[in-house]
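# Descriptive analysis of the structure
Given next are the chains, with one letter for each unit.
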Amino acid sequence: FALAPSVVLSDHEPNMRRLARRNVQLQPAHPCIAVESFGWGVGDPWPSARFGILIASDVLYGPHQSCRTCPQELARFVDLLHHALALDGLVILGHVERNCMAREDLRQALQRRFTVRMLRSEECLNLAVGCPGAGVRGSVVFLCAREEGSQLLAAATTAAAGVRGRQSESDVRDALVSDVRDASV
C-alpha cells in the first residue's frame, strides 16, 4: 500500500468483508484502508470516488448458455470498472479460464471500454518460483487503461515482462512497485 494514500477493499460477500476488516485491523501502519460492498449486480452500490489502480482477481465465473459468461453480467462488471477508474488509471485483472469462452468474452467486453493488453501467466510470472498449480499456469492478466492511461499501461506491461527473470516474490513485488511508481509520477 506504499503507493496509495488510501485503499478500498471490496467484496460482495459479507463473510469476505468481515475477513477483510479483520485483516485491516491487523495492519495498524496503514490506517487509511476501508472495506466496502461494491458489485456489478443490478442495484449494487458503486463507489463515488475514482481510483488510480483497480485490482481484481478471481471475480468472474459461472457457466452460461453454451459455456459462455453472461453478457449482461460482463457488461455491468466492465461498466463498474470504467466508472471507478480514474482517467489516467490502470485496471489489473487476474482471470482463470473456467469455461471454454470466458476469456474471449471478457477480452471483448473489456475492449469496448478500454485499451487492453492480455498477458499470459508465463509473460508475467516466473513459473519456476512458487507457481505450482495448473490454474496459475492457465491464467491470464488483463491490463486495461483508458486512452489517457496508455503510458501507465505500457509501463505495467514492461514491468511484467521483467518479472520472468526475478528469483523471489519480493524481487517481483519491488520491481513492479518501482516501475508503476515511476510511470505514475
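Attention in this report is confined to the structure presented alongside it.

Rules of the game
Residues numbered from 1 in each chain as written. Predicted model: local features only at pLDDT ≥ 70, side-chain atom pairs only at ≥ 80, totals over all residues. Heavy atoms only, no water. Salt bridge = Lys/Arg side-chain N within 4 Å of Asp/Glu carboxyl O. Helix = DSSP H or I, 4+ residues; strand = E, 2+ residues; numbered from the N terminus. Buried < 20%, exposed > 50% of the residue type's maximum accessible area, 1.4 Å probe, protein only. Core = buried A, V, L, I, M, F, W, Y, C linked by side-chain atoms within 4.5 Å. Contact = heavy atoms within 4.5 Å. Phe/Tyr/Trp six-rings, centres within 6.5 Å; stacked < 30°, edge-to-face > 60°.

## Considerations on the pattern of salt bridges
Applying the stated criterion to the full structure yields two salt bridges. Of the charged contacts, one joins Arg113 and Asp79 as a salt bridge, the two residues approaching to 2.6 Å between their closest N and O atoms. In this pair, Arg113 is assigned in the loop between α3 (102–111) and β5 (115–120) and Asp79 in helix α2 (residues 71–84), connecting sequence segments 34 residues apart. The exposure class assigned to Arg113 is partly exposed, which follows from its relative accessible area of 34%.

## Quick notes on the nonpolar core
Counting 21 residues, the largest nonpolar core has Phe77, Val91, Leu93, Leu106, Leu110, Phe114 and Phe142 as its most contacted members. With six residues, the top contributor of residues to this core is α2. In this view, Val91 contacts Leu54, Leu81, Leu85, Phe114, Phe142, Leu143 and Cys144; residues no more than four positions away in its chain are not counted.

## Details of the packing of aromatic side chains
Summed over the entire model, instances satisfying the criterion amount to one aromatic pair. A centroid spacing of 4.7 Å and a plane angle of 70° characterise the contact between Trp40 and Phe77, whose relative ring orientation is edge-to-face. Of the two residues, Trp40 is situated in the loop between β2 (33–36) and β3 (51–57) and Phe77 in helix α2; the sequence distance between them amounts to 37 residues.

Coordinates in, geometry out; function isn't part of it.
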